[in-house]
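# Structural characterization, general
Next come the chains, spelled out residue by residue.
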Amino acid sequence: MSAQIEAFLEMMAVERDASPHTLAAYRRDLDDTDGRVEGGLMQADSTSLEAWYGDLARRGLSAATAARRRSAVRQFYRFVLEEGWRAEDPSRGLTAPARGRPLPKVMSREAVEQLLGAAADAETGGAVRLLCLIELTYASGLRVSEVLGLKLEQVAGNPAFLTLKGKGGKERLAPLNEPARRAIGAWLAVRAPAGSPWLFPSTGKTGRLTPRRFEQLLKTAALKAGLDPAGVSPHILRHAFATHLLEGGVDLRVLQTLLGHADIATTQIYTHVSSERLSEVVKAHHPLARRPDSR
């Protein structure tokens, strides 16, 4: 490793109080780059750096890893310029790699049914509440903040729709199917009359159930149902609502309204999820997909 890289790492440790983990990552990235770029980091020009950078993807490195290495190299050259070891920065032309938007995790219909079955497999008030939470989230595609922010007045009279206020005070209607309405009724029958305005009251500071507690309850139910807890959360239930509706033929504009998205581009990500899932179904169940190649 070059003396300049060692000096840079020493500066990061002393002046910026970088952690050992961060220093080790910088050391690996800069050492690898120094060995691969033509002439090494201290002799490299912009052309050789761009060639090195373009090769990262061909080597199979992810966009996140490429971005980290670019950042390490850029910071190294800023230090080199400050020390007067070079007169120009050859890394200035390196543009950050485009990062594709990650597709949301989605539960299958079968997994949702398993989760509901596990939540219902008890006759306690906590089980009734959890079943209500799951039914509400999955039936209406509500955000976790919207579910836990529901007030008793919003479910009074067994409504077929919930009226919700989103960003900027905009209102939208969220549908309640029959199982969700039954679950609300069952919860209201056992909910302690504590004088709280919240549908899901709590003794905590906010006076209502917290997102963290909701997620903990879901993880416990997932384990009971034989599901991977990492694939179950309030957000994933919302994603399941959207994907299953889209697979059923719901118009994208209608789905945008139901989810409360201001921009349809946000909703369009579900078309990619749905396409992938449909492709998996075809591969798994179509007779020609399973037939051995006879050519």
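It should be emphasised that the depicted structure is a prediction, and the values quoted were computed from it without experimental measurement.

## A closer look at the nonpolar core
- Ranked by size, the top nonpolar core spans 42 residues in total, and within it M107, L115, L136, L162 and F200 carry the most contacts.
- Counting only elements with at least two residues in this core, the list comes to α5 (109-120), α6 (125-140), α7 (144-148), β1 (161-165), α9 (178-190), α10 (211-225) and α11 (234-247).
- By size, the runner-up hydrophobic cluster in this structure holds 25 residues, among which are I5, M42, A66 and A72.

## Looking at the pattern of salt bridges
- Overall, the coordinates contain twelve salt bridges when judged by the stated rule.
- With a shortest N-O distance of 3.0 Å, D32 and R36 are connected by a salt bridge. Placement of the pair is D32 and R36 together in helix α2 (residues 20-36), with a separation of four residues, close to one helical turn.
- With relative accessibility at 48%, the residue R36 sits in the partly exposed group.
- Here E88 ties to R86 by a salt bridge, and the two come within 2.4 Å at their closest N and O atoms.

## Some remarks on the packing of α5 against α6
- With their axes 8 Å apart at the nearest point, α5 and α6 run at an angle of 155 degrees to one another. Classified by the angle their axes make, α5 and α6 are roughly antiparallel. When the axes of α5 and α6 are compared, the crossing they make is left-handed. Contact residues: α5 offers R109, V112, L115, L116, A119 and A120, while α6 offers A127, L130, L131, I134, E135 and Y138.
- Grouping the amino acids of the contact of α5 with α6 by side-chain chemistry returns ten nonpolar, no polar and two charged.

Calculation criteria
Residues numbered from 1 in each chain as written. Predicted model: local features only at pLDDT ≥ 70, side-chain atom pairs only at ≥ 80, totals over all residues. Heavy atoms only, no water. Core = buried A, V, L, I, M, F, W, Y, C linked by side-chain atoms within 4.5 Å. Buried < 20%, exposed > 50% of the residue type's maximum accessible area, 1.4 Å probe, protein only. Helix = DSSP H or I, 4+ residues; strand = E, 2+ residues; numbered from the N terminus. Salt bridge = Lys/Arg side-chain N within 4 Å of Asp/Glu carboxyl O. Axes fitted to C-alpha atoms, helices over the stretch in contact; angles between N-to-C directions. Parallel < 35°, antiparallel > 145°, perpendicular 65-115°, else oblique. Left-handed = near helix turned anticlockwise from the far one by under 90°. Contact = heavy atoms within 4.5 Å. Nonpolar A, V, L, I, M, F, W, Y, C, P; charged D, E, K, R; others polar.

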